[in-house]
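Each chain, written out:
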Number of protein chains: 2
Amino acid sequence: MVPKWVYRFDELDVATGHCANDWDEVRGLLGGKGANLADMTRLGIPVPPGFTITSRACNAYLDTGGGLPPELSGQTSKALAWLEEETGKQLGDAVDPLLVSCRSGAKFSMPGMMDTVLNIGLNSEIVDSMITGGKDARFILDSYRRLIQMFGTVVLDVPDEPFQETLREARRKDNVTSDSELSAGVLSYVIDSFMARLEDTTGRPLPPDPQTQLSMATEAVFRSWNGRRAKDYRKASHIPDSLGTAVNIQTMVFGNSGANSATGVAVSRSATTGAPHIEGDFLMNAQGEDVVAGIRETNTIDDLSEVMPEQYEDLTRYARQLELHYSDMQDIEFTIDDGELWILQTRNGKRTAQAAVRIAVDLASEGTITRDIALERVSPEQVEFFLHPQFDADAKQLALDEGTYLTTGLNVSPGAAVGLIALDADLAESWAQDRHESVILVRPETKPDDVHGMLAAVGVLTSSGGRTSHAALVARQFGRPAVVGASEIQVDLGERRIVVGRTVINEGDRISIDGTTGEVFLGAIDTKVPDIDDVWLMKLLEWADEVRRLGVWANADHPHDAELAVKLGATGIGLCRTEHMFFGTERLPIMQEMVMAANADERRSALTRLLPLQRRDFAGLFRAMDGYEVIIRLLDPPLHEFLPNRDRLADELTDLKIRLTKAGTLDEVNTLFAKAEEVEKVLERVEALRESNPMLGLRGVRLAVLSPEMPRMQIRAIFEAVSLVHEEGIVAKPSIMVPLTSVIGELTTLEAVARDMAATIRDEKGMEIDYRFGTMIETPRAALTAAQLAETAEFFSFGTNDLTQMTFGISRDDAEHSFLLDYLASGVLEANPFNTLDREGVGGLIRNAVEAGRHVRPDLHVGICGEHGGDPASIAIVDECGLDYVSCSPLRVPVARIAAAQSALRLARSSQEPAAM
Amino acid sequence: MVPKWVYRFDELDVATGHCANDWDEVRGLLGGKGANLADMTRLGIPVPPGFTITSRACNAYLDTGGGLPPELSGQTSKALAWLEEETGKQLGDAVDPLLVSCRSGAKFSMPGMMDTVLNIGLNSEIVDSMITGGKDARFILDSYRRLIQMFGTVVLDVPDEPFQETLREARRKDNVTSDSELSAGVLSYVIDSFMARLEDTTGRPLPPDPQTQLSMATEAVFRSWNGRRAKDYRKASHIPDSLGTAVNIQTMVFGNSGANSATGVAVSRSATTGAPHIEGDFLMNAQGEDVVAGIRETNTIDDLSEVMPEQYEDLTRYARQLELHYSDMQDIEFTIDDGELWILQTRNGKRTAQAAVRIAVDLASEGTITRDIALERVSPEQVEFFLHPQFDADAKQLALDEGTYLTTGLNVSPGAAVGLIALDADLAESWAQDRHESVILVRPETKPDDVHGMLAAVGVLTSSGGRTSHAALVARQFGRPAVVGASEIQVDLGERRIVVGRTVINEGDRISIDGTTGEVFLGAIDTKVPDIDDVWLMKLLEWADEVRRLGVWANADHPHDAELAVKLGATGIGLCRTEHMFFGTERLPIMQEMVMAANADERRSALTRLLPLQRRDFAGLFRAMDGYEVIIRLLDPPLHEFLPNRDRLADELTDLKIRLTKAGTLDEVNTLFAKAEEVEKVLERVEALRESNPMLGLRGVRLAVLSPEMPRMQIRAIFEAVSLVHEEGIVAKPSIMVPLTSVIGELTTLEAVARDMAATIRDEKGMEIDYRFGTMIETPRAALTAAQLAETAEFFSFGTNDLTQMTFGISRDDAEHSFLLDYLASGVLEANPFNTLDREGVGGLIRNAVEAGRHVRPDLHVGICGEHGGDPASIAIVDECGLDYVSCSPLRVPVARIAAAQSALRLARSSQEPAAM
């Protein structure tokens, strides 16, 4: 059978038949563009007629080293004859010739790689006779100029630069800024110059014969598949070299052919808000590129209804028809050529996050798509957009134009913030509270001492630290926009200013930071907050809740966080980090007292004062989470975290010693000496607590086993709080979680403490406390011995931050500014395992631990509370592992809800798909 | 059928029949002691006749709450009648009565828990008539005194203290120091006093009827099974409560009954040297406890051949007979009662390490035991004993008596050493080299700079650091005895002295350290070195090599280590740590230059100078290991390890700054300023390299991926060395090992470097380098992704030090002085996982990695090179996991050989045993 190399746009059914009704194969055969044009043709949309030479013809041409298949010429001639009949025009006609374009079109879009030749069918003779025949000379000459230039560069490999040089010269002559404004006279000069250039470079003129033009252009497009640029692009995009490109030959239509012509773009629904009406721009008597270039002021599509009401009607109808056909909002290019409306292209339109949500919900509500499809149309990132203030796009552009951009750091906590620079936490707090100023806390790095300042600030900026630095974690936890590790910034605490390059910015000056992008600007940039209460988002998240299998809980340490989490849809607290409760101004001194305690009595005295505070903390949480489970993790961090930084203490001591050598009076000596002694005492304790690898040191359950007073106080506070809120009619569901377990003995030790305390409370209050007891799984050994742990633990919560660090043997804080960057750049690692869960290593541990744990305890409740709990790709992995819930920071709850729904849909689909052969 | 509650010693065959020939069940029935006595009786050994009341009778008694089985009385009477016939004496006879002992005897020995009543059968009347009949009054009265005392405390629950008080008073009266020296007169007084005491406390006298004495004693022994002490002991020893104890009624014999009597102990072979002749001690006319108490000077067993040649002959014959019967050296208690030799007990004898080896080898050579059994008779610790000098036992006791003991630290590298204290490495080196003194390097901790001093020293002592501190690792590596972390020692570098409590010891004073025990003494203690060339040990190790499946390789970084390893039986190098090659005086400056390099050129310049040195290093190793595989690990440690300690630099800088403020002249200022600048530059680099968790930081393959110049230099040095020694006829078998892999991309990157270098050498030298490429498995992720790694790696070597740290999330250096001690003390951990491989967690990773790796690459070669490679319990675990070899420090090679053999025997046995039902 003779292969069919050419398909007319109206032959889609034939192609579909040849491809066994596989649309993917049709796109392979005709290319994406060809298939799309044929598809629109079948729908009865007015597409300029044409035909497609298949990608198989391209492959045949390339395989034979440049020989066109023998039947191709005949099939092309036949298609051309049909085209002439269809359009009523003849190729080569002197007065009103058929003009065609010749465009590549591969299966997958390769923007900028496409070779195109327009206006095929012109030559000097025809141009002359057309002008003579009354056509607009400027229009005809410009079209001819373009043909020569494209044919030269695409087909004959002439460099483009000399053509551009000629055009620049021409614009100077005419004193205009764009090529489309050139006068007919100058265009004639340009054409002569172009033709001479062609002959000089190649020894050949533009072939005057339209048929020759067409077949040479076709071959050039075929060859372009193996051009350097195209090959590189395919390699980077993982597009197979074997696909080849199709070629589309299409009748030219012109939006610039007269007063009754126009060209424009339209979307079937608002790309900004998603509102269900068409929007767009057009220009009368213009070409498509003029609309894009923005040289002339465009008209909105509403104006079209007035100047060309009939065409407007048609356009609206076609837009709706295409939207229904493709089940999504369409971005359409159209041209009106002498009153006739042509649709040149349609594709799914780009849209804002708000529009994406509304369009998905509206389409589902209208019945155009299912709710499942609506859920998959909105990315988790788009949902996240609703949660953080953003720079107003115009205001940001203005700032960029005005040169107030300063630097970019790590975008660790999303959202934009504007405020006065405060260089220490106390000042930030006082400006915020006393002067009601918006403040941005700027520090080299932050420490627990700084938390009150971070809470008072609207944003945080540091010059050092990584994605798990204290600043990043706390900012994310409390939803403060933050940029950290902006290493170009020098924070000069002595002079109370920051320096970025040559720019000096004083404390109290205003800056703007964008935690979503990491950008920092001098001065204020307007921000706006998208609306989390958006009705369409609410609806979409409700649908998500119906679909997802995973529970979505939140990490929250304070009642207001818990309330926010519930508002955003959380149905439990998966992680309450009790240590964060100790960083408050009121508690830190007591905590430091405990750490500095010389003996158990002093330690107990401090704990006694902490007990009522902790009880209040927990009672607040239980009230906010009435009826929902609250997992409270016992004290986790190493004790030195509650003391000042060692280096700062050492510097202070050195300074005091130097000052002592210079002291003048005895009084001065005595004061300095006393101060030095005090600093030395704290420094000694810090030194004693110092560890070579604190990550692998004395913290978590290890502290609790060594000094059981602390967990005993915490568990008492939890149980007493349960009893307290019980009297208020609140249902508290506490779970006690042990951090950093690696040996079953740790768990049984703490379980006994909890059981004893429950008995004590039973005696004291006459109340039977209903609680669950479980463990973090954050050491590899905990995961490996999950079967043992599940004998004692009623639940597991994977702490994937630490688990990832220990499984890889990588300290995140050290690595993210160091070799991890190189690993990601060189491809040694495909993704940062601290952002997206490592499926093979850490994921393997999780899978096995869940399986082994449930084997021992079938109702074992399992979740994840590391940062991965809010990451969509990681949520998909833990969904596969069979976890019961994910727990993330409150502001990521909506993101997790949609991600969990999408994961559920994906899993349902893959379980339905037949297994691969 | 009437149960048989009583077995005569000559009824062993009956018991064996009842127990279906199961010796274990016989021991359960008759108790260990009863079974042993019966066994000796069957052999025709002269055991004082008697019978055993079974443990079943005990259980029946206890089950019924204190009722003796009805048939027991009849069976006991029958056995007594037989005993009277056998001995020709009557219980209750006035002149020469039968006296018996009544002893408990459970299945498992419970030393100190045994209740015993001796001399049953005496009463006042009998005692009087015996004395009247001419028996030695002192002897008879003493026997009677003992009966009353034991009967009182054991049967009637009278406290022992008043009896002791009376004895103290009696000794004062007679002015003697031991009870056996009391005069007849005073003994009469003691007896009256004891009898009064009995009546006062219990209202009952000693029952005069011998039958009653016997049955009451039997019941008391039964009851003692449920005494508090016995129960606690069983709980601690995991002995089931249900076993019950048997009771042995045995004729009394007396070594103190006259001039023709004696008592003593003998071993069938020398317990000190293992030489095959009996050794022992005896006393004429004495009791067993007199021999033990050491009050009278004992005679050696050789003397017995002169004073009682016949009995000596018999004893020698019986010793040989028992040794053959029990297939092991016997420790025998004997008594000669009026010329008649009785064997009271025999058991396998304790022995020194040397004796253990010689006895096992001799017994196997004689055909008494198999070689396999000989291998299992010698513990790995006994083999280790041969490798290190030890304190002479007498000299150490003398030192303890003289109070020169100072403190005990961690026993990290075994062996004893004596030398002058040197407080820095340079001094240690100069004293050793110039003054030919034995030196002990004493430091707060050691650093790479100190290695030349450690090598010059005979021992190392530090006041801080754990089992993997630099000092511990290097000392073990080079076989220097070392005690580290002796925290009671203050090293005062300023005053050049150390202080321990109130004792001040100056540099240059002599101390003795024992790395086997961790003890430190002031002054010199004589040491002696057991002999590794011991012919019996050599023989035993040869047998071990025939049995074991695991290869035994060594960790060695220098040719002399490699030579020692080969001498000790290693057949490969499993780990050459190339970084140790850079700590030499010659190389460290070049290495520091590389680390301080401002740019790649400077770095390359340093590497160029290191290349010939490395080539020489490797060539030396290849020569030492001709024909054996040598696994060379690429540079592993973080770069800061090659620079001075940060704190020391900071202190130095502070000091310089303070001195600057006091500087008098401009010259002085300039000098100090220049010095401060220099220190500051190094400090800056150290700060830049500083990491919060260096264990999880930039080291190992991560360094190699970031700066491939370094591995390229090392691999070039390896290949050039192969080519160099090839010309000398040496067969080098190099393997390149990548440290700290966690991602396959790291391995492929380095594999490409090696392949490229092999091609370069092929071009340069025309030689095809035959090498293997593999990886350490020391991160959990490497183990979890073993299948991926095995695609590229030809071998795995488990680095279980790091793997354990990361799997547990425990930094060994931090933990071993901290919570790990508490964990071990409280039983949260059963064993220190850094000493003995954690079977469940780390072992699970190893098992899975081996399986997954071999699935991909069936000939994957797998070993272990962590410290566990030399630990017998860990060797057993990795043998189960199917590893090919273990690699340990050279001096542990013999230990590993025996441990591997024992593991192979155990595995063979367990694979033959039928599966549990």
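As the structure is a computational prediction, the values presented were derived from the model and not from experiment.

Within chain A, the regular secondary structure consists of 37 helices and 31 strands. Counting every position in chain A, which comprises 917 residues, the buried fraction comes to 56%. For chain A, long-range pairs separated by at least 24 residues make up 68% of all intrachain contacts whose partners lie at least 6 apart in sequence. Accessible surface for chain A amounts to roughly 37400 Å². Of this, 49% is attributable to carbon and sulfur atoms. In chain A, 89 positive and 139 negative side-chain charges are present, and the distance between their average locations comes to 4 Å.

To continue, consider the relation of the copies chain B and chain A. With an axial shift of 0.5 Å and an RMSD of 0.6 Å, the rotation relating chain B to chain A amounts to 179°. What the superposition gives is, in effect, a two-fold axis relating one chain to the other. Taking C-alpha positions as the reference, the residue of chain B nearest the rotation axis is B:N693, at 2.1 Å. Most of the interface of chain B is mirrored in chain A: 98% of its interface residues are interface residues there too.

With that settled, the discussion passes to the interface of chain B and chain A. Chain B puts 49 residues into the contact, and the matching count from chain A is 48 residues. Roughly 4100 Å² is buried in total at the junction of chain B and chain A, and carbon and sulfur atoms are behind 59% of that figure. It is B:L696, B:R781 and B:Y823 that lose the most area in chain B upon contact with chain A, and together they represent 15% of the buried surface on that side. In this structure, A:R646 engages B:D647 in a salt bridge whose closest nitrogen and oxygen atoms are separated by 3.7 Å. The tally of links from chain B across to chain A stands at 26 residue pairs in polar contact (both at pLDDT 80 or more). Going through the elements one at a time, α25 (646–662), α27 (701–706), α29 (744–765), α30 (780–784), α32 (800–808), α33 (812–815) and α34 (819–826) of chain B are the ones with two or more residues in the side of chain B that touches chain A. Ranked by residues supplied to the side of chain B that touches chain A, first place goes to α25(B) with seven residues. A per-class count over the side of chain B that touches chain A returns 19 nonpolar, 16 polar and 14 charged.

Remark: a regular strand shows side chains that alternate across the two faces of the sheet. Residues and elements named next belong to chain B. Of all seven residues in strand β3 (residues 100–106), six are buried, a share of seventy percent or more. Pairing of β3 with strand β4 (residues 116–120) involves three bridges; the strand directions are antiparallel. Residue pairing in the sheet places C102 in a bridge with V117 of β4. Both β3 and strand β5 (residues 245–251) contribute to a ladder of seven bridges, which runs antiparallel. Looking across to β5, one finds that C102 is bridged to I249.

Now for the sheet that holds β5(B). Residues and elements named next belong to chain B. Taken together, the five strands give an open sheet; going across it, the order is β1-β2-β5-β3-β4, and neighbouring strands pair in antiparallel fashion. The open sheet terminates on both sides in strands that have one partner only, identified here as β1 (6–8) and β4. Between one strand axis and the next, the sheet turns through 20° on average, direction left out of account. Note that strand β2 (residues 50–53) and β5 share four bridges and pair antiparallel. Across the sheet, T52 pairs through a bridge with N248, a residue of β5.

With that settled, the discussion passes to helix α14 (residues 353–366) of chain B. Residues and elements named next belong to chain B. The terminal C-alpha atoms of α14, which comprises 14 residues, lie 20 Å apart, in line with the 20 Å expected from a rise of 1.5 Å per residue. Counting buried positions along α14 gives eleven out of 14 residues, so the element sits mostly inside the fold. Along its buried surface, α14 packs onto α13 (309–326), α15 (371–377), α16 (380–385) and α21 (535–547). Residue G367 follows α14 closely and has a positive phi angle near 90°.

All names here are of chain A. Along the chain, R716 turns up in helix α28 (residues 709–726). Here the side chain of R716 touches E720 through a polar contact of 2.7 Å, side chain to side chain. The residues touching R716, leaving out its near neighbours within four places in the chain, are L611, M757, T760, I761 and E764.

As a further point, take the packing of aromatic side chains. The geometry of two aromatic rings is summed up by the distance between their centres and the angle between their planes. For the structure on display, the rule yields 16 aromatic pairs over all chains. For the pair B:F819 and B:Y823, a centre-to-centre distance of 5.4 Å together with 65° between the ring planes defines the contact as edge-to-face. On the criterion of helical spacing, the pair formed by B:F819 and B:Y823 is a turn pair, its members being four residues apart in helix α34. In textbook terms, an aromatic cluster arises when at least three aromatic residues are bridged by ring pairs, as seen for A:F391, A:Y405 and A:F521. Looking at A:K4, its charged tip hangs above the ring of A:Y7, at a distance of 4.8 Å from the centre.

Glancing now at the pairing of strand β27 (residues 733–738) of chain A. Residue and element names in this part refer to chain A. With five of six residues buried, β27 lies mostly within the body of the structure. Where strand β26 (residues 629–633) and β27 come together, five bridges link them in parallel fashion. When the sheet's bridge partners are listed, I631 is paired in β27 with S735. Two elements, β27 and strand β28 (residues 772–777), share four bridges in a ladder whose sense is parallel. Bridging from a neighbouring strand, S735 pairs with R772 of β28.

Residue and element names in this part refer to chain A. Between helix α5 (residues 124–132) and helix α6 (residues 137–155), whose axes approach to 9 Å, the crossing angle comes to 165°. One finds that α5 runs roughly antiparallel with respect to α6. The hand of the α5/α6 crossing is right-handed. For the pair formed by α5 and α6, the contact residues are S124, V127, M130 and I131 on the first element and A137, I140, L141 and Y144 on the second. Its residues placed into classes, the contact of α5 with α6 shows seven nonpolar, one polar and no charged.

A few words on the sheet that holds strand β12 (residues 405–408) of chain B. Residue and element names in this part refer to chain B. Strand order in the open sheet formed by eight strands is β12-β22-β21-β14-β15-β16-β17-β13, and the pairing between neighbours is mixed. Sheet topology places β12 and β13 (410–413) at the edges, where each strand pairs with a single neighbour. For this sheet, the mean angle separating the axes of adjacent strands, direction not counted, is 30°. Where strand β14 (residues 416–422) and strand β15 (residues 439–443) come together, three bridges link them in parallel fashion. Its bridge partner being in β15, I421 is matched across the sheet by I440. Each of β12 and β22 (519–522) is contacted by helix α17 (residues 393–402), which is oriented at about 70° to β22, the strand it contacts most.

Residues with a pLDDT of 70 or more make up 97% of chain A, whose mean pLDDT is 91. The complex prediction reports pTM at 0.80, with the ipTM value standing at 0.79.

In this structure the tally under the stated criterion is 130 salt bridges over all chains. Residues A:D142 and A:R145 are paired through a salt bridge, measuring 3.2 Å at the closest nitrogen-oxygen approach. In this pair, A:D142 and A:R145 both sit in helix α6, three residues apart, roughly one turn of the helix. Across the salt bridge formed by A:E586 and A:R616, the nearest N and O atoms sit 3.8 Å from each other. Of this pair, A:E586 sits in the loop between β25 (572–577) and α23 (588–596) while A:R616 is found in helix α24 (residues 600–624), placing the two residues 30 residues apart along the sequence. Each of A:R646, A:D647, A:E687, A:R690, B:R646, B:D647, B:E687 and B:R690 takes part in one network of salt bridges that share partners.

Residues and elements named next belong to chain B. Interaxial distance between helix α6 (residues 137–155) and helix α8 (residues 184–202) falls to 9 Å at its minimum, and their mutual angle equals 20°. Between α6 and α8, the angle falls in the class roughly parallel. Judged by the twist between their axes, the crossing of α6 over α8 is left-handed. Together, A137, R138, L141, D142, Y144, R145, I148, Q149 and G152 of α6 and A184, L187, S188, V190, I191, F194, M195 and L198 of α8 make up the contact between the two elements.

It is worth spelling out the state of the cysteines at this point. Per the stated rule, a full pass over the model turns up zero disulfides over all chains. Among the cysteines around B:C58, which has no disulfide bond, B:C102 carries the closest sulfur, lying 12 Å off.

Turning next to unusual backbone geometry. Residue and element names in this part refer to chain A. Here the phi dihedral of D157 falls at roughly 60°; this positive angle occurs in a residue that is not glycine. Looking at the secondary structure, you find D157 in the loop between α6 and α7 (161–174). For N285, which is not glycine, the phi torsion reads 45° and is therefore positive.

Residue and element names in this part refer to chain A. Residue placement: L324 occurs in helix α13 (residues 309–326). With a relative accessible area of 44%, L324 lands in the partly exposed category. Here the alpha-carbon distance between L324 and A79, two residues 245 residues apart in the chain, equals 31 Å.

Reading the values: rules and limits
Residues numbered from 1 in each chain as written. Chains lettered and ligands numbered in written order. Predicted model: local features only at pLDDT ≥ 70, side-chain atom pairs only at ≥ 80, totals over all residues. Heavy atoms only, no water. Helix = DSSP H or I, 4+ residues; strand = E, 2+ residues; numbered from the N terminus. Buried < 20%, exposed > 50% of the residue type's maximum accessible area, 1.4 Å probe, protein only. Contact = heavy atoms within 4.5 Å. Areas by Shrake-Rupley, 256 points an atom, 1.4 Å probe, with all protein chains shown as cover. Lys, Arg positive; Asp, Glu negative; His and termini not counted. Charge placed at Lys NZ, Arg CZ, Asp CG, Glu CD. Least-squares fit on C-alpha atoms with pLDDT ≥ 70 in both. Buried area = accessible area lost by both parts, 1.4 Å probe. Salt bridge = Lys/Arg side-chain N within 4 Å of Asp/Glu carboxyl O. Polar contact = N/O pair within 3.5 Å; in protein donor to acceptor, adjacent residues only side chain to side chain. Nonpolar A, V, L, I, M, F, W, Y, C, P; charged D, E, K, R; others polar. Pairing = 2+ DSSP bridges. Axes fitted to C-alpha atoms, helices over the stretch in contact; angles between N-to-C directions. Expected span 1.5 Å × (residues − 1). Phe/Tyr/Trp six-rings, centres within 6.5 Å; stacked < 30°, edge-to-face > 60°. Lys NZ or Arg CZ within 6 Å of the ring centre and 35° of its normal. Parallel < 35°, antiparallel > 145°, perpendicular 65-115°, else oblique. Left-handed = near helix turned anticlockwise from the far one by under 90°. pLDDT = per-residue confidence, 0-100. Disulfide = S-S within 2.5 Å.

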